[in-house]
Every structure is written in structure tokens, then in C-alpha cells.
Amino acid sequence: MKALPRVPQEKPLGKRMQNQKLQDAVPHFSLSCFLWKKMAGLLFVICTYIVDASAFRIQHVESTENCQGHTTYFKRYFALKGEPVILKCPSFKYKHLDFSSHPCNLTWSKNDSKMMTSGGDEEPRIWTQDDALWFLPASLEDSGQYVCTRRNSSYCAIVSIHLTVTEKTAVHEISYHQILFTFTSGKLVCPDLGDFIQKETDLELKWYKDSVPLDEDNKKFKSLKGTHYLYISFVSSKDSGYYTCEMSFTSGGTLYNITRTIQLQTLDQEKRFSPVIVYPDQKTTLAALGSRLILPCKVFIGSSKHFHTVVGWLANDTYVDITYKQGRVTEGERLEIVENDENYIEVPLIFDPVGEMDFYTDFKCEAQNNHGRQVLPTRVRQGASSLPWHTAAIPVALTCLILGGLCMHKCWKRRAGNGYAIAKL
Amino acid sequence: MGDSEPRAGLEAHPSEIHEKPAAQMKVFKYRLWDVAQKSLYLRNNQLVAGYLQGPNSALEEKICWVPNRSFEREKFPIILGVQDGRRSLACGTGALPALQLEDVNITELSRGGEETTRFTFFRSYKDGMWRFESAANPGWLLCTSAQSNEPLGLTTSPDAAHIVDFYFQLC
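Asks: What's the story with the overall build of chain B in this structure? I'm lost.
Replies: Within chain B, the regular secondary structure consists of one helix and 14 strands. The buried share of chain B, reckoned over its 171 residues, is 57%. Within chain B, contacts between residues at least 6 apart in sequence are counted, and of these 56% link residues at least 24 apart. A total accessible area of about 7000 Å² is found for chain B, and carbon and sulfur atoms account for 50% of it.

Below, the structure is given as C-alpha cells:
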């Protein structure tokens, strides 16, 4: 069983329901219940098993037995004071068992006290409807742990759900995080309205940015009737901030507003940049047989950090760890380098030591990201030195320079002599 | 229990065949969310797309990926995983291929081989958005439902009810 990430369990608020429609009537452990449970335990040899569907523990029980399979719903509910709230008892399936279609007895309790949601006053504020508990509207004291129990003759399951009702001043703490990219168009979505929408096509939302209504004639922001979206064209960093969507909901002749607040973060659209291999920058590298050679592949990935660029080495078109199973030739550690605000990735190819077959192998450095791919072939040639080519090339270059200098000096002398001779002609 | 899940066929071929593993295999950690702004989270061992409010945003599953090296590199074949790459996203085959998470590390699969096909997706990029095509099921794309809190799935027909365009961004 893989543990699901869970929000730490909130301490019960310890508040009794203030509302008269909810009576803290039946404590969970009555004496009769206790005795009956003991008797049941003695009289029946029950094959009890718990089916674990990760988020729910479904227990096979005799109808009289207490339900032990108790789980906490991993998502918490957050709502604003004064707004309608629907808590849904999660439906669940496990293999052939589909509890949504089984006739189950569903009961709700709060903070370990049974809730009676019918009877009492004429218009209750809290009631159950199908699998859900309705709060119309929610008040601060409704915060707490709600427990729904589904039970039929063979199975039972208990799920705890946390509800936090907050003041409107704390709305940013319960906002939804959404992201759009600059210089593109995109949409914000007004989430979690589903249970309140009677007819999707009639849905009409009002949108606000930082509490200021967005004008319907605004060309930048468009909200179409029947959609949950706010289209934003040509997003810029100035568009980040808190947006609120609002829908009207009527029940029992009373009009309620349901709001959702979204924090929009804008991210800079990544610049399209194809990787460029800057090193090795020559076709061959000299190395001595039996020496250790490090051949870096350095890739320029531009000014934005395309560190998702994949860089690797191939030997005769096969990855090196497959070609060299003994690990004589390996890829070294990948380095992500920033030089003068420009970004590079470097992956070395390590020969430890250089073998004869390396002189007959085609090595290729390969770099690929979302926008392009480059492959650069290179070879290792037998040479006197295993030093990197440029180190080895310095004495050669110096020698060439000196020889060239001498040659030029001689030529100049000869030309000077010839020139005199020509002048004489 | 996770044990009851079918195990990846890969496990029959232990990784020891390579005496020196590709320790440098870079694992990329990304956020994946659909164009309707739904994030991914785990429910009943399934990846589900929905809206995470306030502190619930901590439940979001980050997606880890590595390239699959045995496919045409031009198609950008990748293997997707969750929980730091310890569990990989696999596609079933057949008339209606389904998705499931399997307890095999994405880095084990990145070495490629035929048995890694069902773990492989070809990713394509257009106008800042990504699509992921199942390598085992050509034409089938990773999708979310237009409804929230529904499992991630596969579809051949993107429409208003099946969203196939995702944002995919380095964390």
C-alpha cells in the first residue's frame, strides 16, 4: 500500500454545533452498542476483511458490527463565510464493488458527534441531499471534521472530511493557483462550481481583478456565457494578481453569491533556442594509447535556462554505457554552467584508459531540446600526447609561428634582394 | 495494496546486465497541467486532474521524465513518472488502452528496449503547449477530462470533453 500524501490532521475544534438543527444527540459509544458489539464478537466467527483502495478502507461486516475502516479524505474543503458549501461524501469503487450504485445507508457526524439534519426548524441551514451535506450558507463555526459513513448489509466505509470556513479577509489563503505565459493568450478557469450549476449553458460569471470588475467591453479579458473561462489575450506580467469569479445561486427564494479566487502567476515564455555544440570544435583529438582522456562536450543553450536540454555521447551510434559495459569509457557528470549570463551544459566523455579500438570508433556528441537537435561527430587519433588538443597544439603552433617567422624573414630578405635586382633591370 | 498491481515486465530483466549503470542519466522534474489549469494529484493510485485550493496545492504531483533512448530521437520519446521517478506511467494496449502507474523507476526504463514501449510517450510542442502520444498506441494522446477530479486517460479524439494540450514546465 503506497501512502497517499495527506494533509496533516487538524485538531478538532472542539466546538459543538451551535445551530439548533444539528443536535449532538447520540454519542458514538453507548453501553448497549458496546455490549452488542462484544456479544456479536463472541457469537459470530466473522470473516472480516478490509479492502484497501488506497484512499478508502472498505470493510466487510456483519450488519451489527461497528465499522472500523476509517480514512481521512486527502483533500480539504475551504469556503468563505456566508457562501453556500456542498460537502460530498466521496464515492468509491473497488474492483467489482461500486458503492455509488449500491443502496447504502449514509450518515454524517461532526467532530465525533452525530448530526441530525432533519426535523427542527422549518428552513434548516444545513441538510443532507443525496450523498452530500449542504450548508446554506456556511458560517465560521461549521469548520471542523465531518465524517460520512456508508453502510449496507455487507460493507461499510467511513471517510473524514475537513472543512475550514474563513472570513472574507483571508480569501487569498484559500485561492487557487493558476499560471499563464507572457506573450501568449490563455484562460483562467473558475473552479469547483459543478455542484451548483443547474444548467451549464445558463452559467454567467462576473469576473474581478483585484476586486475591480472586469468590463464586458474590455478587449483583453473575455468571458463567454456558458463557460467557466476568462480568456486573457496577450498576457503580460502586469496581468498577474488575484482574480475573483462570481456566480449567483438561488435556493429557497434566497440569492447567494458563490465566489472563487484565483492567484494568477505569469511566467516568461521560454525563448526558442536550439542547442549549439561549441566543443569539441575539431574533428580529431590526439591521445596516447593507455592514457586517460577526458573529452568534454560543451553545449550553448542561450540566454534563457534551457537546462532541459538532453546532452549525451554516442559511440558508433550507440549510447556509451551500452557499448562499454565494463565502464572503460563512460559519460562523466553533467555540469550546468552560467558564463556571462549565457548558459552551457557540459558532459565529458571519459576514457580510462584509451584503448586501441577507440581510434576506430565514431564518437558523437548529441544535444536536443524542445526546439532543436544537433549532433557533432568527432574521433580520437593516436598521438604522442593525451593532453587536450589545444594544450598539445600550443607547442605546435609556437613552432609553426617561429618557423613561419624565420621563413618570412628569409623571404623578405630575398624579396628585398630581388627587388633591387628588378629595379636594376 | 500496491502489491496487487501488475508489475512491470521489465523487472524480469534486472539492471545488472550493465555492470556500470548510466549514473549520469539526468532526471528532469516538471510541472504538468492542462490548458484548463487543472493540476495532477494522486487518488487511489491514479493520476487525477483537478483544481487544488489553498493548502491543497501541496498535493500536486510533479512529473519526472527521462528520454527513452531506444526510440527515434527526433520524436522526443520520454518516460514519465511520479514520486521522484519511482513510479512510471504505463499504457495498456488493446481497443481502449488505459493508463496505470507501475512501481518501476523511470531511470531503469530509460535504457530502452521493446518492453519499455508501453511506458513511452512521444512529446510534441506547438505554440507553448505539449501533447503526449503513447508509443504503444499510435494516435492515442494523453488527456484529461473537461470535468475536474477525473483520472488522466488516453484519447484519439480531442474535443471539448477531452483535453490533450498541456503546459509542461521545469519546476
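From this point on, the discussion continues.
Asks: Help me understand the overall build of chain A, please; the structure alone is not making it clear to me.
Replies: Regarding its fold elements, chain A presents three helices and 31 strands. The buried share among the 425 residues of chain A stands at 45%. Of all intrachain contacts in chain A linking residues separated by at least 6 positions in sequence, the fraction that spans at least 24 positions is 67%.

Asks: How should the sheet that holds strand β11 (residues 132–135) of chain A be read in this particular structure?
Replies: Pairing between the strands of a sheet comes from backbone hydrogen bonds, and it takes one of two forms, parallel or antiparallel. Residue and element names in this part refer to chain A. Reading across from one edge, β5-β11-β10 is the order of the three strands in this open sheet, with antiparallel pairing throughout. At either margin of the open sheet sits one strand with a lone partner, and together these are β5 (85–88) and β10 (126–129). Across this sheet, the average inter-strand angle for adjacent strands is 25 degrees, counted without regard to direction. Note that β10 and β11 share four bridges and pair antiparallel. The residue of β11 that forms the bridge with Q129 is A132.

Asks: Where do I start with the interface of chain A and chain B in this structure?
Replies: Many structure descriptions define interface size as the accessible area lost when the parts assemble. Each partner contributes to the interface: chain A provides 55 residues, whereas chain B provides 47 residues. Approximately 4700 Å² of surface area, both sides summed, lies buried where chain A meets chain B, with 53% of it carried by carbon and sulfur atoms. Where chain A meets chain B, there are four salt bridges. With a shortest N-O distance of 3.2 Å, K26 of chain B and E336 of chain A are connected by a salt bridge. At the junction of chain A and chain B, the tally comes to 15 residue pairs in polar contact (both at pLDDT 80 or more).

Asks: Honestly, a negative patch on the surface in this entry has me stumped. Any pointers?
Replies: All names here are of chain A. Residues D202, E204, D215, E216 and D217 make up a contiguous surface patch of negative charge. Here D215 shows up in the loop between β17 (212–213) and β18 (221–222). According to the relative accessible area criterion, D215 is partly exposed, its value standing at 48%.

Asks: Help me understand the environment of N137 of chain B, please; the structure alone is not making it clear to me.
Replies: All names here are of chain B. Here N137 lies in the loop between β9 (129–134) and β10 (141–145). Sequence spacing of N137 and T93 is 44 residues, and the spatial spacing of their C-alpha atoms is 6.6 Å. Residues in contact with N137, not counting those within four places in the same chain, are C91, G92, T93, G94 and P97. In terms of polar contacts, N137 uses its side chain to reach the backbone carbonyl oxygen of G92, at 3.0 Å.

Asks: Before we go on, may I ask you to explain the pairing of strand β29 (residues 342–351) of chain A in this structure?
Replies: It is a general feature of regular strands that their side chains alternate between the two faces of the sheet. Residues and elements named next belong to chain A. Taken across its ten residues, β29 has nine buried, putting it largely inside the fold. Here strand β24 (residues 293–300) runs beside β29; their pairing, made up of eight bridges, is antiparallel. Each residue of the ladder has a partner; that of C297, found in β29, is V347. In this sheet, β29 lies alongside strand β27 (residues 329–331) in antiparallel orientation, the contact comprising three bridges. Bridging from a neighbouring strand, E331 pairs with L349 of β29.

Asks: Got a minute to help me understand the side chain of S145 of chain B in this structure?
Replies: Relative to the helices and strands, S145 of chain B resides in strand β10. If sequence neighbours within four positions are ignored, S145 of chain B has contacts with K38, E150, A161 and I163 of chain B.

Asks: What is the right way to read the nonpolar core from this model?
Replies: One recurring pattern in soluble globular proteins is that nonpolar side chains are buried together. W134, L188, W207, L230, I232, Y243 and M247 of chain A are the most contacted members of the largest nonpolar core, which has 37 residues in total. At the level of elements, β11, β14 (176–181), β15 (186–189), β19 (229–232), β20 (241–251) and β21 (254–267) of chain A are the ones that each hand at least two residues to this core. A domain split of this core shows at least three residues from each of domain 2 (69–169) and domain 3 (175–271) of chain A. Setting aside residues no more than four positions away along its own chain, W134 of chain A makes contact with V85, I86, R125, I126, W127, Q129, D195, F196 and F249 of chain A. Of all hydrophobic cores here, the second largest spans 26 residues; its members include V82, W130, L152 and F166 of chain B.

Asks: How should the confidence of the model for chain B be read in this particular structure?
Replies: Caution applies to low-pLDDT parts of the model: their predicted coordinates are not meant to be read in detail. Here chain B averages 86 in pLDDT, and 86% of its residues register 70 or above. Reported confidences for the modelled complex are a pTM of 0.74 and an ipTM of 0.85.

Asks: I tried to follow the packing of aromatic side chains on my own but got confused; where do I start?
Replies: All names here are of chain B. A complete count under the given rule lists 26 aromatic pairs over all chains for this structure. Both rings, one in W130 and one in F168, keep their centres 6.2 Å apart while their planes meet at 75 degrees; by these two values the pair is edge-to-face. In this pair, W130 is assigned in strand β9 and F168 in strand β14 (residues 166–170), connecting sequence segments 38 residues apart. Put simply, the rings of F28, Y30, W65, F76, Y125, W130, F132, F166 and F168 touch in pairs and so form one group of aromatic residues.

Calculation notes
Residues numbered from 1 in each chain as written. Chains lettered and ligands numbered in written order. Predicted model: local features only at pLDDT ≥ 70, side-chain atom pairs only at ≥ 80, totals over all residues. Heavy atoms only, no water. Helix = DSSP H or I, 4+ residues; strand = E, 2+ residues; numbered from the N terminus. Buried < 20%, exposed > 50% of the residue type's maximum accessible area, 1.4 Å probe, protein only. Contact = heavy atoms within 4.5 Å. Areas by Shrake-Rupley, 256 points an atom, 1.4 Å probe, with all protein chains shown as cover. Pairing = 2+ DSSP bridges. Axes fitted to C-alpha atoms, helices over the stretch in contact; angles between N-to-C directions. Buried area = accessible area lost by both parts, 1.4 Å probe. Salt bridge = Lys/Arg side-chain N within 4 Å of Asp/Glu carboxyl O. Polar contact = N/O pair within 3.5 Å; in protein donor to acceptor, adjacent residues only side chain to side chain. Patch = residues over 30% accessible without salt bridge, like charges linked within 9 Å, V, L, I, M, F, W, Y side chains within 5 Å. Lys, Arg positive; Asp, Glu negative; His and termini not counted. Charge placed at Lys NZ, Arg CZ, Asp CG, Glu CD. Core = buried A, V, L, I, M, F, W, Y, C linked by side-chain atoms within 4.5 Å. Domains from an automatic or database assignment. pLDDT = per-residue confidence, 0-100. Phe/Tyr/Trp six-rings, centres within 6.5 Å; stacked < 30°, edge-to-face > 60°.

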